[in-house]
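Below are the chains, spelled out letter by letter.
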Amino acid sequence: MEQRELTQEESLNIISSMIEKAKGQIGRDSIHYLVWGWLGFVAAIGQFALRMLDFPHHYITWIILMPIGGIWAFFQGRKQQKRTMGYSEKAMAAIWGAFTFSLLIVLANGFIIQWQVAYAFMLVLVGLATYVSGAILDFTPLKIGGYLSWALFALAIYTNLDYAILAIAISMFGSYLIPGYLLKARYGKEA
Amino acid sequence: MEKKLDPLLHNELRLAIMSLLVSLKSCDYPFIKEKTGATSGNISIQAQKLRDAGYLSIEKGFKDNYPQTIYKIQPAGLKAFEEYVNSLKDYLEGNL
């Protein structure tokens, strides 16, 4: 950068440019929505398919795929250089940390509360986390994803387990994958 | 009457550094170097000027046995940046 007298317009351009470059860091987080979105979508669709085939251990898709996500997240966290700490990053870490713990509590009690109800609760939690994320990032597709998952709660709770599983699959697609790809498309270039 | 712009911020690299920190709250030295494209020496000199004015803090430490320098914006820096932007807006609105 040169050391010279700036015009006011140049000052504003520098400010805008740097803020856009800073925003690019948000694009790097889209990978989390994509990885978990695909894992959840495949697990849900897989479980649905296994149930249609009357396979007794249809839930095995979750048992196989979710730990893969957990291992990935662990190594991703170690690998990713935390070079910046934005205001929103702390809030996002808190939201998704709370989501993960809440989800684990629900799933740990799935046999007691029945899996259809557990899946319905999952949708409420997904809706909460994605909506709040969208609000923090000021990113509407995530907020819409939140609304979608909340609406899918009705499909899950008022029908049966098969529809609850489908609701999870739709939620993964609409609340994670679509916003994830849009986030990557919008901010990924500046990262 | 045109407000005088803060001379500390009315500089290309210092303004760029402060703009990044206003957005992110804190970042490390390689990030600033990558985003501004400035030389190492220039970043150090300009960052020190901002630190001496209380606009940012500079924390030096180690990460995985490598030296690490973290810049964090300070309340005085945020205030100064806000006033700078408002002055810019006033100037541009007055000139339209």
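That block above? That's the structure.
Residues numbered from 1 in each chain as written. Chains lettered and ligands numbered in written order. Predicted model: local features only at pLDDT ≥ 70, side-chain atom pairs only at ≥ 80, totals over all residues. Heavy atoms only, no water.

Quick word on the environment of Trp36 of chain A
Residue and element names in this part refer to chain A. For clarity, the cut-off: Secondary structure elements are taken from DSSP: a helix is a run of H or I of four residues or more, a strand is a run of E of two residues or more, and numbering for both begins at the N terminus. Residues are treated as being in contact if the distance between any of their heavy atoms lies within 4.5 Å.
On the secondary structure map, Trp36 appears in helix α2 (residues 30-52). Taking the C-alpha atoms as reference points, Trp36 and Trp72, 36 residues apart in sequence, are found 9.9 Å from one another. Aside from chain neighbours lying at most four places away, what touches Trp36 is Met66, Gly69, Gly70, Trp72, Ala73, Met172 and Tyr176.

A closer look at the packing of helix α7 (residues 140-157) of chain A against helix α8 (residues 161-187) of chain A
All names here are of chain A. Note the threshold: Between N-to-C directions, angles span 0 to 180 degrees; the directions come from axes that are lines fitted to C-alpha atoms, helices contributing only their stretch in contact. Geometric relationships in this document are graded by angle, where less than 35 degrees denotes roughly parallel, more than 145 denotes roughly antiparallel, 65 to 115 denotes roughly perpendicular, and other angles denote oblique. We call Asp, Glu, Lys and Arg charged. Ala, Val, Leu, Ile, Met, Phe, Trp, Tyr, Cys and Pro are nonpolar, and the rest, Gly among them, are polar.
Axis separation between α7 and α8 bottoms out at 9 Å; the angle between their running directions is 180°. When the interaxial angle is binned, α7 and α8 end up roughly antiparallel. Each of Pro141, Leu142, Gly145, Gly146, Leu148, Ser149, Leu152, Leu155 and Ala156 in α7 lies in contact with α8, whose residues at this interface are Tyr163, Ala164, Ala167, Ile170, Ser171, Gly174, Ser175, Pro179 and Leu182. Residues belonging to the contact of α7 with α8 are distributed by class as follows: 12 nonpolar, six polar and no charged.

Concerning the pairing of strand β2 (residues 56-63) of chain B
All names here are of chain B. Here is the rule we go by: The pairing criterion for strands is at least two bridges between them, as found by DSSP.
Taken together, the eight bridges between β2 and strand β3 (residues 66-73) define a ladder with antiparallel strand orientation. Within β3, the residue paired with Leu56 across the bridge is Ile73. The hairpin turn running from β2 into β3, its antiparallel successor, is two residues long, and Asp64 in that turn takes a positive phi close to 55°.

Describing unusual backbone geometry
All names here are of chain A. Filter applied, for reference: With a 1.4 Å probe rolled over the protein chains alone, any residue whose accessible area is under 20% of its type maximum counts as buried; one over 50% counts as exposed, and the rest are partly exposed.
Look at Gln114: it is not a glycine, yet its phi comes out positive at around 80°. Within the secondary structure, Gln114 sits in the loop between α5 (110-113) and α6 (115-137). When its relative accessible area of 53% is taken as the criterion, Gln114 is described as exposed. In this structure, Asp138 takes a positive phi of about 55° despite not being glycine. By the secondary structure assignment, Asp138 is in the loop between α6 and α7.

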